[in-house]
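Residue strings, one per chain:
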Amino acid sequence: MELTVLTRTAIEGRHADVRKMASDSLVGALVAGQSEPSKLADLAKTNSVRAVVLAAVEKLNDQAMLAGVALASEDPAVRVATFGKLTDQTLLARIVNEDNGPDARRTAVRKLVDPNALVRIAVSDSDQSVGQAAAETLTDQALLARVATTSKYPETRAVAVRKLTNQAEVLN
């Protein structure tokens, strides 16, 4: 089926199920033709249809390009999906520091493994929920004790205290 017919059907079709099938076919056709990472990243950055962008993100594996798509997008769902695919710790830390959306930042925090970065976020992040996500990710008892005593948010301190296996650590 020609793309213009699919587009028209996806927008103007009389029945929701027909519109959905046309939309799915259109997304598949647009993304299937792209295999080069830079073209997928361009498609994800420039297309305004969420389904197309998410399909392109799904096929994209290049970490720097994923981060570029995430930081360029204003759609929280696209940012969260993109951050969910990131594994590069430097890029994840950059996103936590630069992104404005707490949902996307929490997704990135949960993938961080650097305990020092997690403590810094848990103790002083501007968003309580992001700090709490960092505390939930920590496992080191001494670092959890530090968060339990120094975080600026009571909720984050409470998460750290709950994760302590020896709550006497807080007193040391």
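A brief structural summary. All values reported here derive from a predicted model rather than from experimental measurement.

1. Structural notes on the overall build of the protein
Phase 1: What the protein contains, in helices and strands, is 12 helices and zero strands.
Phase 2: Of the regular secondary structure in the protein, the N- to C-terminal order runs α-α-α-α-α-α-α-α-α-α-α-α.
Phase 3: Looking at the protein residue by residue over its 172 residues, the buried ones come to 38%.
Phase 4: For the protein, the proportion of contacts with a sequence separation of at least 24, taken over those separated by at least 6, is 44%.

2. Observations regarding the pattern of salt bridges
Phase 1: A full pass over the atoms with the stated rule returns four salt bridges.
Phase 2: Measuring nitrogen to oxygen at the nearest pair gives 2.1 Å for the salt bridge that ties Asp103 to Arg106. With Asp103 and Arg106 both in helix H8 (residues 102-111) and three residues apart, the pair spans about one turn of that helix.
Phase 3: Classification of Asp103 by relative accessible area gives partly exposed; the value is 43%.
Phase 4: Arg105 is the partner of Asp125 in a salt bridge, and the nearest nitrogen-oxygen pair spans 2.4 Å. In this pair, Asp125 sits in the loop between helix H9 (115-124) and helix H10 (128-137) while Arg105 sits in helix H8, placing the two residues 20 residues apart along the sequence.
Phase 5: Asp125 gets classed as buried once you look at its relative accessible area, which sits at 10%.

3. With respect to the environment of Arg79
Phase 1: Residue position: Arg79 is located in helix H6 (residues 76-85).
Phase 2: Look past the residues within four positions of Arg79 in its chain and what remains in contact with it is Ala70, Ser73, Glu74, Asp99, Gly101 and Ala104.
Phase 3: A distance of 3.4 Å separates a polar side-chain atom of Arg79 from the backbone oxygen of Glu74.

4. Brief notes about the side chain of Thr82
Phase 1: Here Thr82 lies in helix H6.
Phase 2: Ignoring any residue separated from it by four or fewer positions in sequence, one finds Thr82 in contact with Val57, Leu66, Val69 and Ala70.

5. Considerations on helix H3 (residues 37-46)
Phase 1: Those residues of H3 that fall on the buried side of the exposure criterion are Leu40, Ala41, Leu43 and Ala44. When H3 is viewed along its axis, its buried side chains cluster within an angular range of 160° and face the same direction.

6. With respect to the nonpolar core
Phase 1: Core analysis: the biggest nonpolar cluster contains 42 residues, and Val69, Leu86, Val109, Ile121, Leu138 and Val147 have the highest contact counts within it.
Phase 2: The residues contacting Ile121, other than those within four sequence positions of it, are Val96, Val109, Leu112, Val130, Gly131 and Ala134.

7. Regarding the environment of Gly101
Phase 1: Considering the arrangement of structural elements, one finds Gly101 in the loop between helix H7 (89-98) and H8.
Phase 2: We classify Gly101 as buried; its relative accessible area is 11%.
Phase 3: Note: C-alpha distance between Gly101 and Val130 (29 residues apart in sequence) is 9.9 Å.

8. Details of the packing of H3 against helix H5 (residues 63-72)
The description of two packed helices rests on the angle between their axes and on the distance between the axes.
Phase 1: Relative orientation of the contacting elements H3 and H5 amounts to 10°, with a least axis distance of 9 Å. With respect to H5, the axis of H3 lies roughly parallel. Packed against H3, whose contacting residues are Pro37, Ser38, Ala41, Ala44 and Lys45, the element H5 presents Met65, Gly68, Val69 and Ala72 at the interface.
Phase 2: A per-class count over the contact of H3 with H5 returns six nonpolar, two polar and one charged.

What counts, and where the lines are drawn
Residues numbered from 1 in each chain as written. Predicted model: local features only at pLDDT ≥ 70, side-chain atom pairs only at ≥ 80, totals over all residues. Heavy atoms only, no water. Helix = DSSP H or I, 4+ residues; strand = E, 2+ residues; numbered from the N terminus. Buried < 20%, exposed > 50% of the residue type's maximum accessible area, 1.4 Å probe, protein only. Contact = heavy atoms within 4.5 Å. Salt bridge = Lys/Arg side-chain N within 4 Å of Asp/Glu carboxyl O. Polar contact = N/O pair within 3.5 Å; in protein donor to acceptor, adjacent residues only side chain to side chain. Arc of directions from axis to C-beta. Core = buried A, V, L, I, M, F, W, Y, C linked by side-chain atoms within 4.5 Å. Axes fitted to C-alpha atoms, helices over the stretch in contact; angles between N-to-C directions. Parallel < 35°, antiparallel > 145°, perpendicular 65-115°, else oblique. Nonpolar A, V, L, I, M, F, W, Y, C, P; charged D, E, K, R; others polar.

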